[in-house]
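# An overview of the molecular structure
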Amino acid sequence: MSDIRYKVLVIGSCLDWLSEHSSPFITNVLQCESLTDSSILIDVLTTFKPDVVLLDITCTHCSAFNLVEQIKKHYDSSNAAIVSVSSTLSETQQIKGIEKGVDLFLTRPVSVELLESTLIAKAKKSNTLSSKTKQLQLSLKENRYQVTTLNKHCLVSETDTQGNIIHINDKFCQVSGYSKSELLGKNHRMIKSDHHSKKFYHKLWSTIKSGKVWQGIVCNKTKQGGLYWVDATIEPFINAEGEIYKYVSTRTNITDLRQSKEALTRSQMRLAKGHVFAGVGVWDWNIATGALFWSDHIWSLFGYDKVNVETSYDNFINAIHPDDKALVVQAINNSVEHGDKYDIEHRVIWPDGSTHWVNECGDVSRNDTGVAQNMLGMVRAITDEKLAE
């Protein structure tokens, strides 16, 4: 036997009959409460929270169907079933009752078995519906939070299948410089920049018209003529018939990130050119992992071809003149193990057999316990200086 007890609110004279004729099973499964004063109906509903309302239509102190209307209008648990019991009820009255919210009509005389099974079945269904309703309400609440968060962070727009804007959020207006009234009913061509080709937009539209999601980086133009970059996702919404009925686009404004990356790239290019002009190469050696980074100019300082030679400690050692290898390795070890200054001049042998001079200097960084972690240094060509000595 289930431990769940379902609640039944009895309005009218049914409770005495129910208590007198019901079995022990119904006593254990159903918790019944009687209401005789209709003025406190809403209070009783709110405190008792019934799964089923059993309504005796023969009660004469008020209109039974008006009570049904009150229950449906004011009681939060709208899934509670309403079962009506009466001696006789015309078809017209039953239709009226259904319109007001009665779920089931029973006609006296009603057997105990039928009444028991009806109340339990309706209570179970009501209880299940109430649980699902609560879950749906929680999901809707979470969705509202998600939409609020999305609107604060992203530029959101919706269009019909022709590309005309039917919804726009405040963030979109803020970034684009247009008001909602200027954008609604218009096409996204209003914010189109000249950065992308026709092929780019053709591929975008082909993707979403086929029912697939499109993702990519888009450069748009503000009302004032400035450019802004977005990381965009456009998703087609499909109805039950499998037809696309609108497109929803969410975009993250990445303009600042894009500009920072472009500035960094320009700075790196200037630095790399400066290294070439100065005849300098930079290296970065992760002592713990052995990973080694060379700036582009180091390959030419060692006579290597960047395409065919990997960046590695062994290739660095192999380039050193045989008579100088021991000195260089010892200088590196002294710097790593003892903290000595790394500043050495040595020869390198290029693959063509020619000899060249370089000057290397570097410094070791250590962790809090003094263990060497990284060594950063530079290489400078000094062949002309050596020949001039």
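For the structure itself, look to the data block above.
These lines cover the structure that appears in this document, whether it is placed above or below. (Residues numbered from 1 in each chain as written. Predicted model: local features only at pLDDT ≥ 70, side-chain atom pairs only at ≥ 80, totals over all residues. Heavy atoms only, no water.)

## With respect to empty space enclosed by the protein
The final tally for this structure, using the stated rule, is one cavity of 30 Å³ or more. Of the volumes computed, that of the largest cavity is approximately 110 Å³. Lining the largest cavity are 13 residues, with Trp283, Leu292, Tyr313, Phe316 and Glu360 positioned closest to its centre. Every element with two or more residues in the lining of the largest cavity is listed here: β11 (280-286), β12 (292-294), α12 (313-319) and β15 (372-381). Partitioned by chemical class, the residues of the lining of the largest cavity number twelve nonpolar, no polar and one charged. (1 Å grid on protein atoms, 1.4 Å probe; cavity = no way out; pocket = protein on both sides within 12 Å on 5 of 7 lines; lining within 4 Å. Points joined across faces, edges and corners; volume = space filled by probe spheres on them. Helix = DSSP H or I, 4+ residues; strand = E, 2+ residues; numbered from the N terminus. Nonpolar A, V, L, I, M, F, W, Y, C, P; charged D, E, K, R; others polar.)

## Let's talk about the sheet that holds strand β5 (residues 104-107)
Spatially, five strands are ordered β2-β1-β3-β4-β5 in an open sheet, and the strand pairing comes out parallel. Edge positions in the sheet fall to β2 (30-35) and β5, since each has one partner strand and no second. Within the sheet, the average angular offset between the axes of one strand and its neighbour, ignoring direction, is 20°. As paired elements, strand β4 (residues 81-86) and β5 share four bridges and run parallel to each other. In the strand pairing of β5, Ser86 is matched with Thr107. Lying over the sheet, helix α3 (residues 41-48) contacts β1 (6-11), β2 and β3 (52-56), oriented at roughly 170° with respect to β1. (Pairing = 2+ DSSP bridges. Axes fitted to C-alpha atoms, helices over the stretch in contact; angles between N-to-C directions. Contact = heavy atoms within 4.5 Å.)

## Observations regarding the sheet that holds β12
Pairing in this open sheet of five strands is antiparallel, and the strands run β12-β11-β15-β14-β13 from one edge to the other. Unpaired on one side and paired on the other, β12 and β13 (342-349) mark the two borders of the sheet. The mean inter-strand angle of the sheet, taken between neighbouring strand axes irrespective of direction, is 20°. Here helix α13 (residues 325-338) sits on the sheet in contact with β11, β13, β14 (355-366) and β15, set at roughly 155° to β13.

## Quick word on the layout of surface pockets
Looking at the largest pocket, its volume works out to about 520 Å³. For the largest pocket, the lining is made up of 21 residues, of which Asn187, His188, Tyr201, Leu204 and Trp205 are closest to its centre. Secondary structure elements with two or more residues in the lining of the largest pocket: α9 (198-209), β8 (214-221), β9 (227-238) and β10 (244-253). No other element matches α9, which puts five residues into the lining of the largest pocket. Among the residues forming the lining of the largest pocket, the class breakdown is ten nonpolar, seven polar and four charged.

## Some details on the pairing of strand β7 (residues 165-168)
Bridge count between strand β6 (residues 155-159) and β7: three bridges; the pairing is antiparallel. Following the sheet pairing, Glu158 is matched in β7 by His167. The antiparallel hairpin formed by β6 and β7 contains five residues in its connecting segment, where Gly163 sits at a positive phi of about 90°.

## Let's talk about the packing of aromatic side chains
Scanning the entire structure with this criterion turns up twelve aromatic pairs. Consider the rings of Trp205 and Tyr247, whose centres lie 5.7 Å apart with planes at 90°: the pair is edge-to-face. Highlighted residues: Trp205 in helix α9 and Tyr247 in strand β10, separated in sequence by 42 residues. Seen in terms of ring centroids, Trp283 and Tyr342 are 6.2 Å apart; in terms of plane orientation they differ by 80°. Their pairing is edge-to-face. Taken together, the positions of Trp283 in strand β11 and Tyr342 in strand β13 put the pair 59 residues apart, joining distant regions of the chain. (Phe/Tyr/Trp six-rings, centres within 6.5 Å; stacked < 30°, edge-to-face > 60°.)

## Observations concerning the side chain of Asn220
Turning to its location among the elements, Asn220 is positioned in strand β8. Look at Asn220 and you get buried, because its relative accessible area is 6%. For Asn220, the contacting residues outside a window of four places in its chain are Ile191, Ser193, Gly226, Leu227, Tyr228 and Val230. (Buried < 20%, exposed > 50% of the residue type's maximum accessible area, 1.4 Å probe, protein only.)

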